[in-house]
Amino acid sequence: MRFLFVYPGALGDLLLAAPVFKTIQKVYPGAQIGLAGRLPYTKILPLLGLVDIIYSMEERRFLPLFKGDGLPEDLHQFFASFDAIIFWISNFYSDIRFFPIPVKIVNPRAVVHPAEHHAQYLYHSVQSFLKLPEQNVSGFYLDNFSAEHLQPVPLLLVHPGSGSQTKNWPLENFLKLAEKWQIKYHGRTVFLFGPAEESLLKIFQKETRDQNVRVVHSTDFEKIIKLLQSADFYLGNDSGISHLSGLLNKRGLIFFRTTEPQIWQPLGRRLISVKVE
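Residues numbered from 1 in each chain as written. Predicted model: local features only at pLDDT ≥ 70, side-chain atom pairs only at ≥ 80, totals over all residues. Heavy atoms only, no water.

Asks: Requested: an account of helix H7 (residues 198-207), with residues and values cited.
Replies: Of all the residues in H7, the buried ones are Leu-200, Leu-201 and Phe-204. Along the axis of H7, the buried residues cluster in a sector spanning 100°; they form a single face. H7 presents Lys-202 and Lys-206 as exposed residues on the side facing more than 90 degrees away from its buried surface. Against the buried residues of H7 lie helix H6 (171-185), strand S7 (188-193) and strand S8 (214-217). (Buried < 20%, exposed > 50% of the residue type's maximum accessible area, 1.4 Å probe, protein only. Helix = DSSP H or I, 4+ residues; strand = E, 2+ residues; numbered from the N terminus. Arc of directions from axis to C-beta. Contact = heavy atoms within 4.5 Å.)

As C-alpha cells, then:
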C-alpha cells in the first residue's frame, strides 16, 4: 500500500500528525507513506521514521491543485501511483472527480466543538477513511527515540522562540529560570535558536553578552534531536521544537501565551503545559 499526505503545515503541525503515520505503519505493514509539504519542516519526518519519502509543495507539478483546473497528465500519473491520498489543506480548489484514486480532503484548521486536541482531530479526520482503530493519542511518543543520552552534568535545554513572537514568553523569564537551574543543580544550560529566530538571537546575545551562556543556532534536525536526547529538562513555548521534545518524551515545561494548551500542547507524557500572561 502507498499513501500520500499533502499537508503544508509548519513543524509543530506535522509532528502532531505522528500518531496517524505510526498507526498506518502498524495497520498496514510494509506500507509506504509519502508527504508533500513545506521544506525544511518535512525533512524531520523521515529522520523520525514517520514517513518514507517527502515532496516539496513548491514543485511546479503541484500548482494545478490550487487553480481549480483539471489534473495534467504528469500529475495524474503521480497520484495514480498511490492507493489513497489525504489532503490536510484549507485552500483546496481541485475537483476530486479528476483524481484516479480515493481522496480525503480535510480542513486542518476547522474549529471543533467541543475543543479537541489537534493531534486527536487529525487522527479522527482520517480514521474511517483509512480504516484505523479508535485510540486516544494523548500521551503518544516515539518509544524508539525516547532513549536518553544524559551527560554527567545535568543539562537544561531552553528554546525561547516559536513561529510567532506573540506566543513567546518573555526572554528574561527564561534567563531567570536558567539561572535558578544552574544554582540548584550545578548544571549546564544550552539555549537553542532555530532558523526563523535570528532577531530573537540578536536580542539574546545583547542581554547575555557578559554571561557565559552556550548557544546553539541550528537548522540541522539530526543535531537538534541529539541535543534533546541529551537534555535532562526542557523549557519552551508553543513551538515546533517543543512538539519534538514531546515526541521524544522529554521532561519539561511549555509556556502558552496566546494559544490554548487544551488544543496545542505537545504529545508525550512528561511535559507540563502552563498558561501564562
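Asks: Mind laying out the side chain of His-243, listing which residues take part and the relevant values?
Replies: Among the structural elements, His-243 can be located in helix H9 (residues 240-247). If sequence neighbours within four positions are ignored, His-243 has contacts with Gly-12, Leu-15, Leu-16, Asp-238, Trp-264, Gln-265 and Pro-266.

Asks: Tell me about the sheet that holds strand S11 (residues 271-275), residues and numbers included.
Replies: Each strand in a sheet pairs with another by means of backbone hydrogen bonds, the pair being arranged parallel or else antiparallel. In space, the 6 strands of this open sheet follow the order S8-S7-S6-S9-S10-S11, with parallel pairing throughout. A single partner strand is all that each edge strand has here, and the edge strands are S8 and S11. The sheet shows a mean angle of 20° between the axes of neighbouring strands, direction not considered. In this structure, strand S6 (residues 155-159) lies alongside S7, joined through 4 bridges in parallel fashion. Looking at S7, one finds that Leu-156 is bridged to Thr-189. Sitting on the sheet, H9 touches S6, S7, strand S9 (233-237), strand S10 (252-256) and S11, and the angle it makes with S9 is about 145°. (Pairing = 2+ DSSP bridges. Axes fitted to C-alpha atoms, helices over the stretch in contact; angles between N-to-C directions.)

Asks: Account for the pattern of salt bridges, with residues named and values stated.
Replies: Taken as a whole and assessed by the stated rule, the structure comprises 4 salt bridges. Linking Arg-109 and Asp-13 is a salt bridge whose minimum nitrogen-to-oxygen distance equals 3.2 Å. Of this pair, Arg-109 sits in the loop between strand S5 (103-106) and helix H5 (118-130) while Asp-13 sits in helix H1 (residues 11-15), and the two are 96 residues apart along the sequence. With relative accessibility at 47%, the residue Arg-109 sits in the partly exposed group. (Salt bridge = Lys/Arg side-chain N within 4 Å of Asp/Glu carboxyl O.)

Asks: Would you mind going over the sheet that holds strand S2 (residues 32-37) in detail, with residue names and values included?
Replies: The strand order S3-S2-S1-S4-S5 describes an open sheet built from 5 strands, whose pairing is parallel. Pairing within the sheet leaves two strands with one partner each, and these edge strands are strand S3 (53-56) and S5. The mean angle between the axes of side-by-side strands here comes to 15°, regardless of whether they run parallel or antiparallel. In this fold helix H2 (residues 18-27) packs onto strand S1 (2-6), S2 and strand S4 (84-88), with an angle of close to 175° to the strand it touches most, S1. Across the sheet, H5 lies against S1, S4 and S5, angled at about 155° from S4, the strand it touches most.

Asks: Which residues make up the pairing of S9, and what values go with them?
Replies: Counting buried positions along S9 yields 4 of 5 residues, so the element is predominantly enclosed. Note that S6 and S9 share 4 bridges and pair parallel. Bridge pairing in S9 places His-159 opposite Gly-236. Note: S9 against S10, 4 bridges, orientation parallel. Residue Leu-235 lies in a different strand from S10, and its bridge partner there is Leu-253. In the classification by handedness, the crossover that spans S9, the intervening H9 and the parallel S10 is right-handed. (Right-handed = clockwise from strand over helix to strand, strands pointing away.)

Asks: Could you give an account of the packing of aromatic side chains, naming the residues involved and the relevant values?
Replies: The full count for this structure, using the stated rule, is 19 aromatic pairs. With 5.9 Å between their ring centres and 80° between their planes, Phe-62 and Phe-78 make a pair best called edge-to-face. Of this pair, Phe-62 sits in the loop between S3 and helix H4 (73-80) while Phe-78 is found in helix H4, placing the two residues 16 residues apart along the sequence. Accessibility expressed as a relative area gives 0% for Phe-62, which makes it buried. (Phe/Tyr/Trp six-rings, centres within 6.5 Å; stacked < 30°, edge-to-face > 60°.)

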